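# Architecture and fold: a report
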Amino acid sequence: KANALCAQIPSPSPTSSGELRGPRTCDCELALLPLRQLLLLQPDCFQLRGDRLAVLRPPRHQPAGGFTVLSDGALHHDGQRHCRLTGHLKRDVELTSHRDYKDFRETILSRPLVFFTNVRTKNYSSKEKTYAFIVNTRHPKIRRQIEHGMNTIISSVFGESYKLRFDFQEVVKSFFPPGSHLVTGEDLSFSYEFKSDALFDFFYWFGISKNTVAVTGKVLNLSNTSAEKKEIITMFLEKMSEPYVRLNSFSDRKFSVASRGRLISYKTKSYCYSILNVFYIISIISVHL
């Protein structure tokens, strides 16, 4: 049943309450629906007032719930109205400490991520529709890809700065029929840049410590106009955005012991790395003299 829902074409497909059976997260990796529909179904989380789209704070009874919207702060609603966003998180952020990294990681993994993108579904058509693309970071497959990307780049650097980007353009392109055009496809990604205080960041300067993870998964079509299906989709979204109950999983333990240890000693490694580079440069100069 879940496989039937995750069709790769954007035709309305039935969503049953069976997909809500998970005790901690609904059975959904990625989802797509028109922004207009999201505004109607989730008025406690998103409100469009004039030219301002507000991402609201979670209700008091669910302070850890809701969605995390990643955006540059503006969108062209259905290609007609220019709107500015409030309450969102920037798509590209800079981190300078372990605390920054820990907070960012927690923000990304604790709530579903939402991106807004404009799509033209017919060749040479000027008509655009704004879609909300939802990334369920609690689904094991999606969470594993994000955690693996973060852990891998930490283990591959030695004190220098690095940049990691997560991209969803290809998986969204495959959802729509051939000939469709992602007008704002670049909005379907987010990145963070960890800036160390290393004196010589050769690997970072030459792009060696910059990486991109193309996230894959099944896209669930939440576009539906029937009253019955709207009610089920609303339940689906509410289930997905429930407060996250952290369990002491193997992945959490691995991060707390290994990755955190690497980050705590990051500054020390930066100094060592800088000193090694200084000696390297001195040795080269000595050879030429």
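Residues numbered from 1 in each chain as written. Predicted model: local features only at pLDDT ≥ 70, side-chain atom pairs only at ≥ 80, totals over all residues. Heavy atoms only, no water.

An unreviewed UniProt entry annotates the protein as Mesenteric estrogen dependent adipogenesis of Chelydra serpentina.

### A short note on the sheet that holds strand β6 (residues 81-86)
Spatially, 4 strands are ordered β2-β3-β6-β5 in an open sheet, and the strand pairing comes out mixed. The sheet is open, and its two edges are formed by β2 (46-49) and β5 (74-77), each paired on a single side. Recorded for the sheet is a direction-independent mean angle of 30° between the axes of neighbouring strands. (Pairing = 2+ DSSP bridges. Helix = DSSP H or I, 4+ residues; strand = E, 2+ residues; numbered from the N terminus. Axes fitted to C-alpha atoms, helices over the stretch in contact; angles between N-to-C directions.)

### Focus: the packing of aromatic side chains
Throughout the structure, instances matching the rule amount to 13 aromatic pairs. On the numbers, 5.4 Å between centres and 45° between planes, the contact of Phe 115 with Phe 168 is tilted. Taken together, the residues Phe 115 in strand β9 (residues 113-120) and Phe 168 in the loop between β11 (162-167) and α5 (169-173) connect sequence positions 53 residues apart. With a relative accessible area of 0%, Phe 115 lands in the buried category. Note on Tyr 162 and Tyr 192: the rings are 6.0 Å apart at their centroids and 80° apart in plane angle, and the pair reads as edge-to-face. Of this pair, Tyr 162 sits in strand β11 while Tyr 192 sits in strand β13 (residues 189-194), and the two are 30 residues apart along the sequence. (Phe/Tyr/Trp six-rings, centres within 6.5 Å; stacked < 30°, edge-to-face > 60°. Buried < 20%, exposed > 50% of the residue type's maximum accessible area, 1.4 Å probe, protein only.)

### Observations regarding the side chain of Thr 137
Examined against the element boundaries, Thr 137 turns out to sit in the loop between β10 (129-135) and α4 (140-156). From its side chain, Thr 137 meets the backbone oxygen of Ile 108 in a polar contact 3.3 Å long. One polar contact links the side chain of Thr 137 to the main-chain carbonyl oxygen of Arg 111, over a distance of 3.0 Å. Look past the residues within four positions of Thr 137 in its chain and what remains in contact with it is Ile 108, Leu 109, Ser 110, Arg 111, Pro 112, Leu 113, Ile 142, Arg 143 and Ile 146. (Polar contact = N/O pair within 3.5 Å; in protein donor to acceptor, adjacent residues only side chain to side chain. Contact = heavy atoms within 4.5 Å.)

### A look at the nonpolar core
Ranked by size, the top nonpolar core spans 37 residues in total, and within it Phe 115, Phe 133, Phe 166, Phe 168, Phe 190 and Tyr 192 carry the most contacts. Looking at this core element by element, the count peaks at 5 residues for α4. Judged by nonpolar contacts, the second largest core, of 26 residues, contains Leu 53, Val 69, Cys 83 and Ala 132. (Core = buried A, V, L, I, M, F, W, Y, C linked by side-chain atoms within 4.5 Å.)

### Brief notes about helix α7 (residues 227-240)
Here α7 contains 14 residues, and its C-alpha end-to-end distance of 20 Å stays within 8% of the 20 Å for a straight helix at 1.5 Å per residue. Buried residues of α7: Lys 229, Ile 232, Ile 233, Thr 234, Phe 236, Leu 237, Lys 239 and Met 240, and no others. Buried residues along α7 sit against α2 (35-41), β10 and β15 (219-221). (Expected span 1.5 Å × (residues − 1).)

### Some points on the environment of Ala 74
Within the fold, Ala 74 resides in strand β5. Residue class for Ala 74 comes out partly exposed when judged on its relative accessible area of 34%. Along the sequence, Ala 74 and Leu 53 sit 21 residues apart, while their C-alpha atoms lie 8.8 Å from each other. In this structure Ala 74 touches His 82, Cys 83, Arg 84 and Leu 85, once residues within four positions along its chain are discounted.

### Looking at the packing of helix α3 (residues 98-110) against α4
For the pair α3 and α4, the least separation of the axes is 11 Å and the interaxial angle reads 160°. When the axis of α3 is compared with that of α4, the two are roughly antiparallel. Along this stretch, α3 crosses α4, giving a crossing that reads as right-handed. Two secondary-structure elements touch here, α3 through Tyr 101, Phe 104, Arg 105, Ile 108 and Leu 109 and α4 through Arg 143, Ile 146, Glu 147, Met 150, Asn 151 and Ile 154. (Parallel < 35°, antiparallel > 145°, perpendicular 65-115°, else oblique. Left-handed = near helix turned anticlockwise from the far one by under 90°.)

### Re α3
Taking 1.5 Å of rise per residue, 13 residues should cover 18 Å, and α3 covers 18 Å from first to last C-alpha, within 8% of that figure. Within α3, the full set of buried residues consists of Tyr 101, Phe 104, Arg 105, Ile 108, Leu 109 and Ser 110.

### Focus: the sheet that holds strand β14 (residues 210-214)
In space, the 4 strands of this open sheet follow the order β8-β13-β11-β14, with mixed pairing throughout. Each having just a single partner strand, β8 (92-95) and β14 make up the two edges of the open sheet. Looking at each pair of strands side by side, their axes are set apart by 15° on average, direction ignored. Both β11 and β13 contribute to a ladder of 6 bridges, which runs antiparallel. By the bridge assignment, Arg 165 is partnered in β13 with Ser 191. Packed onto the sheet, α3 meets β8, β11 and β13 and runs at close to 165° relative to β13. Of the strands in this sheet, β11, β13 and β14 touch α4, which is tilted by about 165° from β11.

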